[in-house]
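# Per-entry structural report
So you can see what is in the structure, the chains are spelled out below.
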Amino acid sequence: MMKTKFVDELHWIDETEMLDLIAIAQSSPGAVAVNGAIVVGYKLCRIPGVFFSILGAIIPPFFIISIISGFYTLFQENEAVQALLSGMRSGVGAVIVSVVWDMGSGIVKQKKTCSDSHHALRIHCKLLLKNQYCSYYFNMHYIGSSKSHYHRTEEKSQMIYLQLFLSYLQIGAFSFGGGYAAMPLIQAQVVEKYHWLSMTEFGDLVTIAEMTPGPIAINSATFVGTQVAGLSGALIATLGCILPSCIIVTLLAKIYIQYRNVKIMQDILGTLRPVVVSMIAVAGLGILSSVFFLSGKFAPALSNFNIRGIIFFAGALLCLRKTKLSPILIMVGCGILELLYQTIF
């Protein structure tokens, strides 16, 4: 889409510059679409161009997610909505697994990163499983008590605003690779640290963010900010999310415009790719826990397995790997199947 708009229609950049834009956007923290808009904006109008390009990139998803977040709050307990989102989480898990497969297969073919990739994934999986298994009973109680204090409260203290800003500042500063790479960072902040969302709600967040326009990290900032502190919370969380990339990518764009040579930085940041893939895989495992287990947590008991969710996941993954169907259609299909099942049976 960026190529069609910037190269083919408006002729703001040529093909070579488009490749450089992608390299800078993917090697920098933050959303690739926003990073690309920053580079083009700086090339055309310097700082004013950066400002207006950021506004153009975030305003549409901000308003859409704010509205959806409001409806989510109103209808979250509705049985039909719960069934739809529950089924769609199976599709989300399948999409993440498919993305990890595609990204990881390219990385493990590189001899110098193959061992790093396996090692990073092994460490992340061990930490995830150990944390979920050892803290299973503790977290069930603690999340419930903490969430009642933070989630959708009317008390909008300065501390909550500061926590929102700093949390998404960290997410924006360290989400290299954009999109799915931000998910484990978002999960660590909003689910595990502050308990603003449960793991089930986090799965709903990823589903909504995936199906709406805009980057996942920015969409999640708007969604979580709205849930925790209303529209002002959404503004603060979104600002924290985009601030690091605004600064870093603007500096990189300045270097690129002046020297047209960022290969050294590409080589350095390229070593992050195996870690990024493993982080995405671990975030996917976290969501799959809410799909595979009725309790929503890793607890390998036969009575705890969600057979229907596993079947939907397997079918969605098969469709993703063997057909050219849109991931959004597959996720919606899983949601409709779950809704029909609960309506009929």
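### Focus on the overall build of the protein chain
Per the secondary structure count, the protein chain includes 14 helices and zero strands. The order of helices and strands in the protein chain, counted from the N terminus, is α-α-α-α-α-α-α-α-α-α-α-α-α-α. Out of the 345 residues in the protein chain, the part that is buried amounts to 49%. Of the contacts made within the protein chain by residues no fewer than 6 positions apart, 71% connect residues no fewer than 24 positions apart.

### Side note on the packing of helix 3 (residues 32-75) against helix 9 (residues 199-211)
One way to put it is that helix 3 packs onto helix 9 with a least axis distance of 12 Å and a crossing angle of 145 degrees. Our pair here, helix 3 against helix 9, has a crossing hand that is right-handed. Two secondary-structure elements touch here, helix 3 through Ile-65, Ile-68 and Tyr-72 and helix 9 through Glu-201, Asp-204 and Ile-208. Grouping the constituent residues of the contact of helix 3 with helix 9 by class yields four nonpolar, no polar and two charged.

### Some thoughts on the nonpolar core
Membership of the largest hydrophobic core comes to 73 residues, with the highest contact counts inside it found for Tyr-168, Val-190, Phe-202 and Val-224. The element that contributes the greatest number of residues to this core is helix 10 (residues 216-259), accounting for 16 residues. Ignoring sequence-local partners within four residues, the contact set of Tyr-168 consists of Ile-186, Val-190, Ala-217, Ser-220, Ala-221, Val-224, Ala-237, Gly-240 and Cys-241.

### Looking at the packing of aromatic side chains
Two descriptors summarise a pair of aromatic rings, namely the distance from one centre to the other and the angle between the planes of the rings. A complete count under the given rule lists nine aromatic pairs for this structure. Consider the rings of Phe-6 and Trp-12, whose centres lie 5.9 Å apart with planes at 25 degrees: the pair is stacked. Since its relative accessible area comes to 36%, Trp-12 is described here as partly exposed. Geometrically, the ring pair formed by Tyr-194 and Trp-196 is stacked, given 4.6 Å between the ring centres and 15 degrees between the ring planes. Looking at Tyr-194, the relative accessible area reads 14%, which means it is buried.

### Let's talk about the environment of Lys-254
Within the fold, Lys-254 resides in helix 10. Along the sequence, Lys-254 and Arg-46 sit 208 residues apart, while their C-alpha atoms lie 8.5 Å from each other.

### Focus on the environment of Gly-284
The residue Gly-284 is located in helix 12 (residues 273-292) in this model. Residue class for Gly-284 comes out buried when judged on its relative accessible area of 3%. Put simply, Gly-284 and Gly-93 are 191 residues apart on the chain and 6.0 Å apart in space, counted from C-alpha to C-alpha.

### Topic: unusual backbone geometry
Only a minority of non-glycine residues have a phi that is not negative, and only a minority of peptide bonds are not trans. Not every positive phi belongs to a glycine, and His-11 is a case in point at roughly 55 degrees. You can see His-11 is positioned in the loop between helix 1 (2-9) and helix 2 (15-27). Here His-195, not a glycine, exhibits a phi torsion of approximately 55 degrees, which is positive. Within the element layout of this structure, His-195 appears in the loop between helix 8 (183-193) and helix 9.

### Observations concerning helix 8
Burial within helix 8 is extensive, with eight of its eleven residues counted as buried. If you check which residues of helix 8 are buried, you get Met-183, Pro-184, Leu-185, Ile-186, Gln-187, Gln-189, Val-190 and Val-191. Remark: His-195 follows helix 8 within two positions and exhibits a positive phi of approximately 55 degrees.

### With respect to the confidence of the model for the protein chain
Averaged over the protein chain, the pLDDT score is 79; the fraction of residues at 70 or greater is 76%. A low-confidence stretch, residues 131-154 (pLDDT under 50), is modelled with 35 contacts involving residues beyond four sequence positions or located in other chains.

### Overview of the pattern of salt bridges
Any two side chains of opposite charge can pair if their charged atoms end up close together. Per the counting criterion, the structure on display carries two salt bridges. One salt bridge in this structure joins Arg-89 and Asp-204, with 2.4 Å as the shortest N-O distance. You can see Arg-89 sitting in helix 4 (residues 79-108) and its partner Asp-204 sitting in helix 9, a full 115 residues away along the chain. As far as the burial class goes, Arg-89 and Asp-204 line up, both buried.

### Here's the deal with the side chain of Ser-245
Here Ser-245 is to be found in helix 10. Among the polar contacts listed, one links the side chain of Ser-245 to the backbone oxygen of Ile-242, at a separation of 3.0 Å. Those residues in contact with Ser-245 that sit more than four places away from it in its chain are Pro-29, Gly-30, Asn-35, Ile-38 and Thr-250.

Rules and cut-offs
Residues numbered from 1 in each chain as written. Predicted model: local features only at pLDDT ≥ 70, side-chain atom pairs only at ≥ 80, totals over all residues. Heavy atoms only, no water. Helix = DSSP H or I, 4+ residues; strand = E, 2+ residues; numbered from the N terminus. Buried < 20%, exposed > 50% of the residue type's maximum accessible area, 1.4 Å probe, protein only. Contact = heavy atoms within 4.5 Å. Axes fitted to C-alpha atoms, helices over the stretch in contact; angles between N-to-C directions. Left-handed = near helix turned anticlockwise from the far one by under 90°. Nonpolar A, V, L, I, M, F, W, Y, C, P; charged D, E, K, R; others polar. Core = buried A, V, L, I, M, F, W, Y, C linked by side-chain atoms within 4.5 Å. Phe/Tyr/Trp six-rings, centres within 6.5 Å; stacked < 30°, edge-to-face > 60°. pLDDT = per-residue confidence, 0-100. Salt bridge = Lys/Arg side-chain N within 4 Å of Asp/Glu carboxyl O. Polar contact = N/O pair within 3.5 Å; in protein donor to acceptor, adjacent residues only side chain to side chain.

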